[in-house]
Amino acid sequence: MLDFAFVRANLPFVEEKLRARGTDVSVLADFASLDAERRTAITQLETLKAQRNAISEEFARAKRSGGDVAAISQRTRNLKDEISGLEAAANVADERLREVLHALPNVPSADVPVGKAADENVCEKTWGEAPILDFPAKPHWELGEALGILDFERAAKISGSRFVVHFGAGARLERALANFMLDLHTREHGYAEVLPPYMVNSRSLFGTGQLPKFADDLFHCDDKGAYFPGQLQESDHWLIPTAEVPVTNLFRDEVIDLEAGTLSFAAYTPCFRSEAGSYGKDVRGMIRQHQFQKVELVKFSRPEDSLAEHERLTRDAETVLERLGLPYRRMLLCTGDMGFSSAKTYDLEVWVPGQRTYREISSCSNFESFQARRANIRYKSVGSNKTEFVHTLNGSGLAVGRTYLAILENYQQADGSVRIPDALQSYMNGETVITKQQLGRAL
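Given the structure is predicted, the values throughout are model-derived calculations rather than measurements.

1. Notes on the overall build of the protein
In terms of helices and strands, the protein carries 12 helices and 18 strands. Taken over the C-alpha atoms alone, the protein extends approximately 105 × 45 × 40 Å along its principal axes. Sorting the 443 residues of the protein into buried and exposed places 49% on the buried side. A separation of at least 24 residues holds for 73% of the contacts in the protein among residues at least 6 apart in sequence. For the protein, the exposed area adds up to about 21200 Å²; of that, 49% sits on carbon and sulfur atoms. When the 53 positive and 62 negative side-chain charges of the protein are each reduced to one mean point, those points stand 2 Å apart.

Set out below in structure tokens:
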């Protein structure tokens, strides 16, 4: 959430920045008028309260002297009614202002390129060479089904479209990737591992920016805590779209200690997304699944450290790709392609030869104080008793399913088998290649 005082003092700047994101800024016209109503009501309130205090003193003097206090009492009652009316008007304006602020996305950082869509993102680097194959490259769904390690048809029977079942070495590969990523981030990159709940309440989703705007992208549980837009509760449940939500909300409504520096967490969880609005997109394979696994990296930093921490987090995610030998590129997202809460985002896109394109595999964002203000996460500066909002950052380190499919496509061989990257072989019980599996037979 944007800072109220900042928006008020910099309204033309905020309009310009949000217009660059493609945001309808007409809502800010309401902000200005509501703010004027609120300030007028507050000014009048202060005047009437001063009058009430003066009348109270007059009433006390009259009573002590035995004078008639009936007229004074009537004036007091009239003032009370006026004050109540103005307080109600100020509260209504205040609530409507909060609703406006809740609907506004974050302001992009100064170095974010202006653009409307993904084709205006800026490629900042590429790494690795696309594999040269002397046979036609197959997409992962063909490879996985032929090897007997991926089964989309049985998953659809069990759960519907956009699900997959992993078998044998495929299931082991998924587990190996998660363990490899967690070991790398905790042993070498300094993250503390955390295993959070897979269900959260609506207050948590508000804190990270998914609610109220993106409710249709989420799975809400049919429990006693029904969700009503605008009513953020703590007794309803949603399946998490990413570990970003529970991990960020670990410190909701807390003042945390950042004296020793940034707090960094790595979490491996399933993620659940409705993929609303993606009908007809990526219907084959594992790109857009309702359920997938991901290792998420989350940081809580002091404002002066967040730019450097953003670069560090992105490099941590890139290291996973480099250790696995997967070619990728780093894209700086333009204003029109960034997420709602982000001030600056890098996307890492991995090369997938079976589809002859790059696919997003990690999105690394600096939210600055946007999420912390919504979730009320603060810290105290050294030598100060004043609290400030922390800066939050997160990124996939990595999306396990997309890393899985990238390995299938980049390490495929002419006979249909898939070579296992060197970095994963110790996690795969020493196996070096995935060959056709026999359903239900132990390997």
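2. Quick notes on the packing of aromatic side chains
In this description, an aromatic ring pair is defined by two values, namely the gap between the centres and the angle between the planes. Throughout the structure, instances matching the rule amount to 10 aromatic pairs. Look at Phe6 and Phe13: their rings are 6.2 Å apart centre to centre, the planes differ by 90°, and that puts the pair in the edge-to-face class. Ring centres of Phe180 and Tyr427 lie 6.1 Å apart, and the angle between their planes is 75°; on these two criteria the pair is classed as edge-to-face. With a gap of 247 residues between them, Phe180 in helix α7 (residues 168-187) and Tyr427 in the loop between β17 (418-419) and β18 (433-434) connect regions that are remote in the sequence.

3. What about the environment of Ala54?
Among the structural elements, Ala54 can be located in helix α3 (residues 27-65). Given the relative accessible area of 41%, Ala54 is considered partly exposed.

4. As for the environment of Lys294
Counting through the fold element by element, Lys294 comes out in strand β10 (residues 291-301). Remark: the alpha-carbon pair of Lys294 and Lys138, spanning 156 residues in sequence, is separated by 24 Å. With residues up to four places along the chain from it excluded, the contact list for Lys294 reads Thr242, Ala267, Tyr268, Thr269, Cys271, Arg273, Ser396, Leu398, Ala399 and Val400. Polar side-chain contacts of Lys294 include one of 2.9 Å to the side chain of Thr242. Within the local environment of Lys294, its side chain forms a polar contact with the side chain of Glu296, the two groups lying 2.5 Å apart.

5. Re the sheet that holds strand β4 (residues 192-193)
The mixed open sheet is built from 8 strands, whose spatial order is β1-β11-β12-β13-β16-β10-β9-β4. Of all the strands in the sheet, the pair left with one neighbour each is β1 (122-127) and β4. Relative to strand β16 (residues 391-399), β10 runs antiparallel, the two being bridged by 7 bridges. Within the sheet, the bridge partner assigned to Leu297 lies in β16 and is Gly395. The strands touched by helix α10 (residues 306-323) are β1, β10, β11 (328-332), β12 (344-352), β13 (357-368) and β16; relative to β16, the strand with the most contacts, the crossing angle is about 5°.

6. Focus: unusual backbone geometry
In this structure, the amide linkage connecting Leu211 to the following residue, Pro212, adopts the cis form with an omega of 5°. Note on placement: Pro212 falls in the loop between α8 (202-208) and β6 (219-220). Cis rather than trans, the peptide bond between Gly397 and Leu398 has omega equal to 20°. Unusually for a residue other than glycine, Arg356 sits at a positive phi of about 50°. Position of Arg356 among the secondary structure elements: in the loop between β12 and β13. Despite not being glycine, Glu368 shows a phi value in the positive range, around 50°. Summarising the element assignment, Glu368 is placed in strand β13.

7. Some points on α7
Between the first and last C-alpha of α7 there are 28 Å, a value that for 20 residues agrees with the 28 Å anticipated at 1.5 Å per step. Counting buried positions over the 20 residues of α7 gives 14, a clear majority of the element.

8. Focus: the packing of α7 against α10
Where α7 meets α10, the axes come as close as 11 Å, and the angle between the chain directions of the two elements is 130°. Between α7 and α10, the interaxial angle falls into the category oblique. Where α7 crosses over α10, the two elements pack in a sense that is right-handed. For the pair formed by α7 and α10, the contact residues are Phe180, Met181, Leu184 and His185 on the first element and Asp316, Thr319, Val320 and Arg323 on the second. Split into classes, the residues belonging to the contact of α7 with α10 amount to 4 nonpolar, 2 polar and 2 charged.

9. Describing the environment of Arg356
Among the residues examined, Arg356 registers a relative accessible area of 64% and is labelled exposed. For the pair Arg356 and Val92, spaced 264 residues apart in sequence, the C-alpha separation works out to 55 Å.

10. Digging into the pattern of salt bridges
Side chains that carry opposite charge are capable of pairing whenever their charged atoms lie near each other. Applying the stated rule across the entire model yields 23 salt bridges. Its salt-bridge partner being Asp111, residue Lys344 comes within 2.6 Å of it at the nearest N-O pair. Of this pair, Lys344 sits in strand β12 while Asp111 sits in the loop between α4 (70-103) and β1, and the two are 233 residues apart along the sequence. Between Lys299 and Glu309 there is a salt bridge whose closest N-O contact spans 3.0 Å. Here Lys299 is found in strand β10, whereas its partner Glu309 is found in helix α10, with 10 residues between them in sequence. For the pair Lys299 and Glu309, one class covers both residues: buried. Through salt bridges that share partners, Lys125, Glu311, Arg315, Glu318, Glu322 and Arg330 make up one connected network.

Quick notes on the rules
Residues numbered from 1 in each chain as written. Predicted model: local features only at pLDDT ≥ 70, side-chain atom pairs only at ≥ 80, totals over all residues. Heavy atoms only, no water. Helix = DSSP H or I, 4+ residues; strand = E, 2+ residues; numbered from the N terminus. Buried < 20%, exposed > 50% of the residue type's maximum accessible area, 1.4 Å probe, protein only. Contact = heavy atoms within 4.5 Å. Areas by Shrake-Rupley, 256 points an atom, 1.4 Å probe, with all protein chains shown as cover. Lys, Arg positive; Asp, Glu negative; His and termini not counted. Charge placed at Lys NZ, Arg CZ, Asp CG, Glu CD. Phe/Tyr/Trp six-rings, centres within 6.5 Å; stacked < 30°, edge-to-face > 60°. Polar contact = N/O pair within 3.5 Å; in protein donor to acceptor, adjacent residues only side chain to side chain. Pairing = 2+ DSSP bridges. Axes fitted to C-alpha atoms, helices over the stretch in contact; angles between N-to-C directions. Expected span 1.5 Å × (residues − 1). Parallel < 35°, antiparallel > 145°, perpendicular 65-115°, else oblique. Left-handed = near helix turned anticlockwise from the far one by under 90°. Nonpolar A, V, L, I, M, F, W, Y, C, P; charged D, E, K, R; others polar. Salt bridge = Lys/Arg side-chain N within 4 Å of Asp/Glu carboxyl O.

Distances and angles like these do not, on their own, reveal function.
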